[in-house]
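Fold and geometry: a report
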Amino acid sequence: MSQPTSVSSPLVTPRLLWIALAVVVGALLLAYLVAFDQGAVSQSGMYLHELMHDGRHLLGVPCH
Ligand SMILES: [Zn+2]
């Protein structure tokens, strides 16, 4: 006689983990672009700096 197997859905699913990882990576990339890039990696010159300028000041990133 076999034990009855209980089918319960886990609270944290692999899909949820992938979504959480994507959100964290996206947030880190956005924080890098807003605060630290200065065109060094993105090769955008001052375009990204000017685009993110208000966000930089909002976050207190040293600017000018
Ligand atoms: Zn500024």
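Located above this text is the structure these notes cover.
Digging into the overall build of the protein
Scanning the protein from terminus to terminus reveals three helices and zero strands. Its C-alpha atoms give the protein principal-axis dimensions of roughly 75 × 25 × 15 Å. Relative to its full complement of 64 residues, the protein shows a buried share of 2%.

Some points on the environment of A31
Note that A31 resides in helix α1 (residues 14–35). Between the C-alpha atom of A31 and that of G55, which follows or precedes it by 24 residues, the distance is 9.7 Å.

Overview of α1
End to end, α1 covers 31 Å across 22 residues, agreeing with the expected 32 Å (1.5 Å per residue, within 8%). With zero of 22 residues buried, α1 lies mostly on the surface of the structure.

Digging into the environment of C63
Take C63: it is sitting in the segment after α3 (53–59). Residue C63 is classed as exposed on the basis of its C-beta count, with 11 C-beta atoms lying within 10 Å. Each C-alpha atom, one on C63 and one on A22, is 29 Å from the other, the two residues being 41 residues apart in sequence. With residues near it in sequence (within four places) discarded, C63 still touches R56 and H57.

Each value, and the rule that gives it
- Residues numbered from 1 in each chain as written.
- Predicted model: local features only at pLDDT ≥ 70, side-chain atom pairs only at ≥ 80, totals over all residues.
- Helix = DSSP H or I, 4+ residues; strand = E, 2+ residues; numbered from the N terminus.
- Buried ≥ 20, exposed ≤ 12 C-beta atoms within 10 Å, placed from the backbone.
- Expected span 1.5 Å × (residues − 1).
- Contact = placed C-beta atoms within 7 Å.

Note that every value here comes from positions in space, so none of it alone points to a role or purpose.
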